Amino acid sequence: MTGSEPGEFLALLTADEIADLRAAGRTRRWDRGSTVMNEGETADWVLVLTSGRVKVSSHTASGTEVVLAVRGPGALVGDMSALDGHPRSGTVTALEPIEGFVVHDFPGFLKDHGRVAVLLMRLVIGRLRDADRKRVEYGAFDTAGRVATRLVELAERYGEPAEGGVKVALPLSQDELAGWTGASREAVSKALRSLRDRGLIETGRRRVIVYDLEGLRKRAR
């Protein structure tokens, strides 16, 4: 998977800005399952993904993993810690083989590229809005509704046309999907079964085929 997702950081930059950003960094690769960043560490570098997907997660006091986000090509990761000097707020793990470029002194880059700084501010505001929306979901939706919401998000971002529907190469295990929906693995399994019984989806090993995206959207409300 290469290129940039629409709306992600890299997709918003001009060719010259991308060239300057690449010149300030170096290319790195990680294998699937590799830890890219650790929650609690202090670091001054950011990662701009150019291929593959990662999950951003945190752990509760009891050790339960909470998946905060899934990021794909074009995403900027680790920017908050690089900008404010505080420890990283989440762990970043490669869901599949990934590649990107690591940029040190990201604040220095932003000082020289004021337009990019404004774009980043808008992206951060968008993340805050998304976090607020998810908090509302957790209080207002049942587990099946939250699972449907996440599957719609994955289908819209990563879906590929398939016979009779949209195929999503699911990078998340059921445990990780549970951590992304704020539910137990058992509740997620039950929710997936309910969505299958309605004919909305078909599930397989690390893949989902959505047969009725509009129906899934309605179940997500």
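Along each chain, the written sequence defines residue order, and numbers are assigned to residues from 1. Only residues with pLDDT of at least 70 are given local features in this predicted model, and only at 80 or more are side-chain atom pairs given and counted; all residues enter the totals for whole chains, interfaces and linings. For side-chain calculations, the full set of non-hydrogen atoms in the structure is used, while hydrogens and water are omitted.

Caption draft 1: Representation of the overall build of the chain within the structure. Labels follow the DSSP assignment, with helices taken as runs of H or I lasting at least four residues and strands as runs of E lasting at least two, numbered in each case from the N terminus. Secondary structure assignment for the chain yields eight helices and twelve strands. Expressed as lengths along the three principal axes of its C-alpha atoms, the size of the chain is roughly 55 × 40 × 30 Å. When contacts within the chain are restricted to residue pairs at least 6 apart in sequence, long-range pairs at least 24 apart make up 71% of them. Neither His nor the chain ends is counted toward charge; the positive residues are Lys and Arg and the negative residues Asp and Glu. Charged groups are reduced to one reference atom each: NZ for lysine, CZ for arginine, CG for aspartic acid, CD for glutamic acid. If you average the places of the 33 positive and of the 31 negative side-chain charges in the chain, the two averages end up 4 Å apart. Residue contacts follow a heavy-atom distance rule, with two residues in contact if any of their heavy atoms lie within 4.5 Å.

Caption draft 2: Region of interest: a negative patch on the surface. On the surface, Asp 16, Asp 20, Asp 44, Asp 105 and Asp 112 cluster together into a negatively charged patch. As for its placement among the helices and strands, Asp 16 is situated in helix H1 (residues 15-23). Asp 16 gets classed as exposed once you look at its relative accessible area, which sits at 61%. What makes a patch is a set of residues exposed beyond 30% relative accessible area and free of salt bridges, joined within 9 Å when like-charged and within 5 Å when nonpolar (Val, Leu, Ile, Met, Phe, Trp, Tyr). For the area figures, the Shrake-Rupley method with a 1.4 Å probe applies, and any residue is considered shielded solely by the protein chains shown. Counted as salt bridges are all cases of a side-chain nitrogen of Lys or Arg within 4 Å of a carboxyl oxygen of Asp or Glu. For the exposure calls, accessible area comes from a 1.4 Å probe over protein chains only, and a residue counts as buried if that area is under 20% of its type's maximum, exposed if over 50%, partly exposed in between.

Caption draft 3: Spotlight on the nonpolar core. Residues Val 147, Leu 151, Leu 195, Ile 201 and Leu 216 are the most contacted members of the largest nonpolar core, which totals 27 residues. Of all elements in the fold, only strand S5 (65-71), helix H5 (143-158), helix H6 (174-181), helix H7 (185-197), strand S12 (207-210) and helix H8 (213-220) reach the threshold of two or more residues within this core. By residue number, the principal contributor to this core is H5, which donates eight residues. Beyond its immediate stretch of four places on either side in the chain, Ile 201 contacts Leu 151, Leu 192, Leu 195, Arg 196, Val 208, Ile 209, Val 210, Tyr 211 and Leu 216. Throughout this description, the term nonpolar core refers to a set of buried Ala, Val, Leu, Ile, Met, Phe, Trp, Tyr and Cys residues connected via side-chain atoms within 4.5 Å.

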